[in-house]
Amino acid sequence: MKTHILVVEDEEKLARFIELELMHEGYDVSKAFDGRTALSMATDGQYDLILLDIMLPGLNGLEVLRRLKNSGFNDSGEGNGIDAGTGVKDTPVILLTARDAVMDKVSGLDQGAVDYITKPFAIEELLARIRVALKLYNKKERETAGGQERQQNSMQSNEQVTADPALHINPEEGVYTWSKLVLNEKKRTVTYDGHEINLTNREFLMLMTLLANQDIVLGRDTLLEKVCGYDYIGETNVVDVYIRFLRSKIDEVFGIKMIQTVRGVGYVIKSE
């Protein structure tokens, strides 16, 4: 059975060009030219990947992405609208954007996109990103089937982690603490001196990665691999944006200097 890709692009000539190239590569292709049609097609059909333009009439691409990756919403933004099933939520989405704005890219990644590409782009690059996204999606499906084994291996691995005077790691409970900061992996919560800190999923993963590797300087490529996945091929400056967000929510709010920059190398949380 051929891989089925939904192309969502309001520029019909560009959509047709992408369609022809994908068909030449052996993919089945469907097209939508506005956000509402795309949302309806994505929830009604079975697609292996979605190419989603951000600048769309009706609903913009980021709103379409949000509705696909979360529970359904009606036109007023209330619940009980289109029901985005589990399969749709898991479908990889690559964003197409004419704006080379880091914030657009970060917003899309936070809402569940696996990658993005800025227009104009070389078709060879787009095809490469599609292959990577499909490979990652298939890998996740295989990993889901072996979830119990991974959980057992993770518990065994965590038992090997040693504690530090300033950074305490309780591997059994998945709790990381540094000074007055407490990160609970299982509950997905972060607090400082009892005050809750609201983080996005990738901000949470970024902070947890830094906490788990205290006194080790982590480069941007390493952080991208840990947070966005081994097959991520986007730009590394996205890491700087996430670090800035973390500092604005933690360091600046509580008057501390937890996340430190090692110029030309990366970032580190040092034990006190």
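Residues numbered from 1 in each chain as written. Predicted model: local features only at pLDDT ≥ 70, side-chain atom pairs only at ≥ 80, totals over all residues. Heavy atoms only, no water.

*Asks:* Even after reading the chapter, I still don't get the layout of surface pockets, so can you show me in this structure?
*Replies:* In this approach a probe as big as a water molecule rolls over the atoms, and the regions it shows empty are the leftover space. What the second largest pocket holds in volume is close to 200 Å³. What lines the second largest pocket is a set of 14 residues, and nearest its centre among them are Gly 45, Gln 46, Tyr 47, Asp 48 and Thr 91. Across the lining of the second largest pocket, the residue classes tally to six nonpolar, six polar and two charged. (1 Å grid on protein atoms, 1.4 Å probe; cavity = no way out; pocket = protein on both sides within 12 Å on 5 of 7 lines; lining within 4 Å. Points joined across faces, edges and corners; volume = space filled by probe spheres on them. Nonpolar A, V, L, I, M, F, W, Y, C, P; charged D, E, K, R; others polar.)

*Asks:* Quick question: what am I supposed to make of the pattern of salt bridges here?
*Replies:* Once the charged atoms of two side chains with opposite charge are near each other, the side chains can pair. Enumeration according to the criterion identifies 11 salt bridges in this entry. For Glu 63, the salt bridge identified is with Arg 66, shortest N-O distance 2.6 Å. Note that Glu 63 and Arg 66 are positioned in helix 3 (residues 61-69) at a spacing of three residues, about one turn of the helix. Classification of Arg 66 as partly exposed rests on a relative accessible area of 26%. For Arg 129, the salt bridge identified is with Glu 125, shortest N-O distance 2.8 Å. With a gap of four residues between them, Arg 129 and Glu 125 both fall in helix 6 (residues 123-145), about one helical turn apart. Looking at Glu 125, the relative accessible area reads 34%, which means it is partly exposed. Among the ionic contacts, a cluster of salt bridges with common partners joins Glu 9, Glu 11, Asp 53 and Lys 119. (Salt bridge = Lys/Arg side-chain N within 4 Å of Asp/Glu carboxyl O. Helix = DSSP H or I, 4+ residues; strand = E, 2+ residues; numbered from the N terminus. Buried < 20%, exposed > 50% of the residue type's maximum accessible area, 1.4 Å probe, protein only.)

*Asks:* What exactly am I supposed to notice about the pairing of strand 2 (residues 28-32) here?
*Replies:* On a regular strand, each side chain points to the face opposite its neighbour's, so the side chains alternate between the two faces of the sheet. By the bridge criterion, five bridges tie strand 1 (residues 4-8) to strand 2 in an arrangement that is parallel. When the bridges of strand 2 are listed, Ile 5 appears paired with Val 29. The parallel pair strand 1 and strand 2, bridged by helix 1 (residues 12-24), forms a crossover whose chirality is right-handed. (Pairing = 2+ DSSP bridges. Right-handed = clockwise from strand over helix to strand, strands pointing away.)

*Asks:* Quick question: what am I supposed to make of the environment of Thr 200 here?
*Replies:* By the element assignment, Thr 200 lies in the loop between strand 10 (195-196) and helix 8 (201-212). With relative accessibility at 25%, the residue Thr 200 sits in the partly exposed group. Residues Thr 200 and Gln 111 lie 89 residues apart in sequence; the distance between their C-alpha atoms is 9.0 Å. Excluding residues that lie within four positions of it along the chain, Thr 200 makes contacts with Asp 110 and Lys 249. (Contact = heavy atoms within 4.5 Å.)

*Asks:* Hey, could you run me through the packing of helix 8 against helix 10 (residues 237-254) in this one?
*Replies:* Viewed as axis vectors pointing N to C, helix 8 and helix 10 meet at an angle of 85°, and their least axial separation amounts to 10 Å. With respect to their mutual orientation, helix 8 and helix 10 come out roughly perpendicular. Counted together, Arg 202, Glu 203, Met 206, Leu 207 and Leu 210 of helix 8 and Val 239, Tyr 242, Ile 243, Phe 245, Leu 246, Lys 249 and Ile 250 of helix 10 form the full contact between these two elements. Residues of the contact of helix 8 with helix 10, tallied by class, amount to nine nonpolar, no polar and three charged. (Axes fitted to C-alpha atoms, helices over the stretch in contact; angles between N-to-C directions. Parallel < 35°, antiparallel > 145°, perpendicular 65-115°, else oblique.)

*Asks:* Please explain helix 10 as it appears in this structure.
*Replies:* In an α-helix, one turn spans 3.6 residues, which is why side chains three or four residues apart end up on the same side. Along its 18 residues, helix 10 runs 25 Å from first to last C-alpha, staying within 8% of the 26 Å computed at 1.5 Å per residue. Taking the largest bend as the criterion, helix 10 deviates by roughly 40°, centred on Arg 247. Within helix 10, the full set of buried residues consists of Val 238, Val 239, Val 241, Tyr 242, Ile 243, Phe 245, Leu 246, Ile 250 and Asp 251. Once helix 10 ends, the next one or two residues include Gly 255, with phi positive near 65°. (Expected span 1.5 Å × (residues − 1). Bend = angle between axes of the 7 residues up to and from the residue.)

*Asks:* Any chance you could explain the nonpolar core here in plain terms?
*Replies:* Most often, soluble globular proteins keep nonpolar side chains buried together rather than apart. Leu 52, Leu 95, Met 206, Leu 207, Leu 210 and Met 258 are the most contacted members of the largest nonpolar core, which has 53 residues in total. With eight residues, helix 10 is the largest single contributor of residues to this core. In contact with Leu 52, other than residues within four places in its own chain, are Val 8, Gly 61, Val 64, Leu 65, Val 93, Ile 94, Leu 95 and Leu 96. Leu 22, Leu 51, Ile 117 and Ile 123 belong to the second-largest nonpolar core, a separate cluster that totals 19 residues. (Core = buried A, V, L, I, M, F, W, Y, C linked by side-chain atoms within 4.5 Å.)

*Asks:* Got a minute to help me understand unusual backbone geometry in this structure?
*Replies:* For residues besides glycine, phi is generally negative; the peptide bonds are generally trans as well. With an omega dihedral of 0°, the bond running from Lys 119 to Pro 120 counts as a cis peptide bond. Position of Pro 120 among the secondary structure elements: in the loop between strand 5 (115-118) and helix 6. Even without glycine at this site, Ser 179 takes up a positive phi of about 55°. With respect to the helices and strands, Ser 179 occurs in the loop between strand 7 (175-178) and strand 8 (181-184). Phi is positive for Asp 193, close to 55°, though the residue is something other than glycine. If you trace the backbone, Asp 193 turns up in the loop between strand 9 (189-192) and strand 10.

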